[in-house]
Amino acid sequence: FGPVFFNVDNRAPTININSPKDGEIVSGMFFFDVDNGDVFKKGTDYNIDGASWQPVSIGWNTKLIPDGPHEITIRATDLAGHITTEIIIVIVDNHDPEITIAGPNDDEFIDDAYTFRVVASDEVGIQRVIMKTAGREKLMSYNTQTGYYEYLLDTRSLVDGTYKINATVIDL
């Protein structure tokens, strides 16, 4: 009688998460890049915030959950029943930041030193706010006392006339 074949598997799978990395910002339809290092691979799955398991081959529609930090658990299994898990945190950001010019008002007259003010917000965070006026592009600073992004401009360096201001917010 024979031969009889058998398998030896003393090791649990290893996981290499190529993408996303811990702390990475993700959006839209996201596809995982994960390696299951095992001779007898069975599957590699993920769950978000402890929800149901899905194969990593199926993309993750990040638009179905709120912006902000989320816990991803990656699970690798082998045919011998060994299981390895790794947890990372990613930040979902599917929404554009919001911005409003708070000062000056439309058609307002300004003179001397004037503080331009902008309200900017984003669910995940703001990297920077840039103001463009009179051919100049300036980085605005956040003022914790007023809650505005501000830039002080000495208007005496400008020729009298009508100017426009544009502001751009860049989120994380």
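Rules used in this analysis
Residues numbered from 1 in each chain as written. Predicted model: local features only at pLDDT ≥ 70, side-chain atom pairs only at ≥ 80, totals over all residues. Heavy atoms only, no water. Helix = DSSP H or I, 4+ residues; strand = E, 2+ residues; numbered from the N terminus. Rg over C-alpha atoms; globule rule 2.2 N^0.38 Å. Buried < 20%, exposed > 50% of the residue type's maximum accessible area, 1.4 Å probe, protein only. Areas by Shrake-Rupley, 256 points an atom, 1.4 Å probe, with all protein chains shown as cover. Pairing = 2+ DSSP bridges. Core = buried A, V, L, I, M, F, W, Y, C linked by side-chain atoms within 4.5 Å. Contact = heavy atoms within 4.5 Å. Phe/Tyr/Trp six-rings, centres within 6.5 Å; stacked < 30°, edge-to-face > 60°. Lys NZ or Arg CZ within 6 Å of the ring centre and 35° of its normal. Axes fitted to C-alpha atoms, helices over the stretch in contact; angles between N-to-C directions.

Undergrad: Which parts of the structure should I look at to understand the overall build of the protein chain?
TA: Of the regular secondary structure elements, the protein chain holds zero helices and 15 strands. Against the globule reference of 16 Å for 172 residues, the protein chain gives a C-alpha radius of gyration of 26 Å, more extended than a compact globule. With respect to the three principal axes, the spread of C-alpha positions in the protein chain is 105 × 25 × 25 Å. Here the protein chain holds 172 residues, and the buried ones make up 36% of them. For the protein chain, the computed accessible surface area is about 11100 Å², with 50% contributed by carbon and sulfur atoms.

Undergrad: It is not clear to me how the pairing of strand 13 (residues 136-143) should be interpreted in this structure. Could you clarify?
TA: Note on strand geometry: in a regular strand, side chains alternate between the two faces of the sheet. Strand direction decides the pairing type here: strand 12 (residues 126-133) and strand 13, joined by five bridges, are antiparallel. Within strand 13, the residue paired with threonine 133 across the bridge is arginine 136. Taken together, strand 12 and the strand that follows it, strand 13, pair antiparallel across an intervening segment of two residues, in which alanine 134 is found at a positive phi of about 50°. As defined by bridge partners, strand 13 adjoins strand 14 (residues 148-154) across three bridges and the pair is classed as antiparallel.

Undergrad: Would you take a moment to explain the nonpolar core for this structure?
TA: Generally speaking, a soluble globular protein has its nonpolar side chains buried in company with each other. Ranked by internal contacts, the top residues of the largest apolar core, which has 16 residues, are Phe32, Val34, Tyr46, Trp60, Ile72 and Ile74. Within the residue set of this core, elements represented by two or more residues are strand 1 (14-19), strand 5 (41-48), strand 8 (68-78) and strand 9 (83-92). Residues within four places of valine 34 in sequence aside, it is in contact with Ile15, Asn16, Ile17, Thr44, Val56 and Ile74. Judged by nonpolar contacts, the second largest core, of 14 residues, contains Ile126, Val129, Met140 and Leu158.

Undergrad: Mind showing me how you'd approach the pairing of strand 4 (residues 33-37) here?
TA: Of the two faces of strand 4, only one is covered, namely that formed by Val34 and Asn36; the face formed by Asp33, Asp35 and Gly37 stays uncovered. Judged from the five bridges that link them, strand 1 and strand 4 form a sheet pairing that is antiparallel. Bridging from a neighbouring strand, asparagine 16 pairs with aspartate 35 of strand 4.

Undergrad: Is there a simple way to think about the environment of proline 104 in this case?
TA: Along the chain, proline 104 falls in the loop between strand 10 (98-103) and strand 11 (113-121). With twelve residues separating them along the chain, proline 104 and phenylalanine 116 place their C-alpha atoms 6.4 Å apart. Non-local contacts of proline 104, meaning those with residues more than four positions away in its chain, are made with Ile110, Tyr114 and Phe116.

Undergrad: I'm lost on the packing of aromatic side chains in this one. Help?
TA: Think of a pair of aromatic rings as described by two things: how far the centres are apart, and how the planes are tilted against each other in angle. As enumerated under the stated definition, the model contains five aromatic pairs in all. Relative to phenylalanine 116, the ring of tyrosine 114 lies with its centre 5.1 Å away and its plane at 80°, an arrangement referred to as edge-to-face. Under the relative-accessibility criterion, tyrosine 114 is labelled buried at 15%. Here a set of aromatic residues connected by ring pairs shows up, and it is made of Phe30, Phe32, Tyr46 and Trp60. When the ring centre of tryptophan 53 is taken as origin, the NZ or CZ atom of arginine 75, which lies over that ring, is 4.0 Å away.

Undergrad: What should I look at first to understand the sheet that holds strand 11 in this one?
TA: Backbone-to-backbone hydrogen bonds join strands into a sheet, with any given pair of strands oriented parallel or antiparallel. Strand order in the open sheet made by the six strands is 10-11-14-13-12-15, with antiparallel pairing throughout. Two strands lie at the open edges of the sheet, namely strand 10 and strand 15 (165-171), each paired on one side alone. With strand direction ignored, the average angle separating the axes of adjacent strands in the sheet is 30°. The pairing of strand 10 with strand 11 spans five bridges and is antiparallel. Following the sheet pairing, glycine 103 is matched in strand 11 by arginine 117.

Undergrad: Whenever I open this one, the side chain of asparagine 36 confuses me. Can you help?
TA: With respect to the helices and strands, asparagine 36 occurs in strand 4. With residues up to four places along the chain from it excluded, the contact list for asparagine 36 reads Pro13, Thr14, Lys41, Gly43, Thr44, Ala76 and Thr77.

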